[in-house]
Amino acid sequence: MLITTSRKPSSRTRSFCQDLSHVLNAKYVNRGKMSFRDVLLKSAALGFNETAVVSQIKGNPSKIEIYNENSELLLFLKITVSLLNLKGKIKSDALSIRCEIEELKNPIVDILKIPGGNSNKNLIWVKKGEGENKAIIEFYDKEGSIRDPRIYVKNWRFK
């Protein structure tokens, strides 16, 4: 997957995208003045079928839109994020996913192409949220420790 930002991203949004690319074994590309079409062409040239575009409000990441190679929206997440500088190494080739929200499980597994798992190591855990947050996405490293980023999902929509 290719990850990029909306135009003129803040340093916080760039940092979030870099952290996200590390945990998902994706490639982050600075968008610059590329049009959306150019982003999709670059994604295809790099051999990716999906492209994630992270947008921001007031300098903070606020939504993730994942598109396929035909520019069809596959998944939309309205988010807030927490970056606590929690470092650790995730083996992305051994990454698995655990999802407590049944309606999100199939779209996320299909898009990210990550199998389900029961281990607490090298894991993406989609938990049920509380209050205005419908879900919380956390990442666990090879030691089973939580690491950045933590994503709070307020709403979602998928194809």
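Relevant structure appears above.
Residues numbered from 1 in each chain as written. Predicted model: local features only at pLDDT ≥ 70, side-chain atom pairs only at ≥ 80, totals over all residues. Heavy atoms only, no water.

Looking at the pairing of strand β1 (residues 2-5)
And step 1. Burial along β1 is two-sided: Leu2 and Thr4 and Ile3 and Thr5, pointing in opposite directions, are all buried.
And step 2. Since β1 and strand β2 (residues 27-28) lie parallel, the crossover through helix α1 (residues 11-24) that links them has a hand, and here it is right-handed.
And step 3. In this sheet, strand β3 (residues 50-57) lies alongside β1 in parallel orientation, the contact comprising 4 bridges. Along β3, the bridge assignment pairs leucine 2 with threonine 51. (Buried < 20%, exposed > 50% of the residue type's maximum accessible area, 1.4 Å probe, protein only. Helix = DSSP H or I, 4+ residues; strand = E, 2+ residues; numbered from the N terminus. Right-handed = clockwise from strand over helix to strand, strands pointing away. Pairing = 2+ DSSP bridges.)

Some words on the pattern of salt bridges
And step 1. Inspection of the entire model under this criterion finds 4 salt bridges.
And step 2. Across the pair arginine 150 and glutamate 138 runs a salt bridge, and its minimum N-O distance is 3.1 Å. A residue pair is termed long-range when its members are at least 10 positions apart, and arginine 150 in strand β9 (residues 146-158) and glutamate 138 in strand β8 (residues 135-140) qualify at 12 residues.
And step 3. Judged by its relative accessible area of 22%, arginine 150 is partly exposed.
And step 4. Looking at glutamate 138, the relative accessible area reads 7%, which means it is buried.
And step 5. Through salt bridges with shared partners, a single ionic network connects Lys127, Glu138 and Arg150. (Salt bridge = Lys/Arg side-chain N within 4 Å of Asp/Glu carboxyl O.)

Focus on the pairing of strand β4 (residues 60-68)
And step 1. The buried fraction of β4 is high, at 7 of 9 residues.
And step 2. Pairing of β3 with β4, which is carried by 8 bridges, proceeds in the antiparallel orientation. Residue glutamine 56 lies in a different strand from β4, and its bridge partner there is proline 61.
And step 3. The loop that links β3 with its antiparallel partner β4 comprises 2 residues; one of these, lysine 58, has a positive phi angle of about 50°.
And step 4. Where β4 meets strand β5 (residues 73-82), 5 bridges bridge the pair, whose relative direction is antiparallel.

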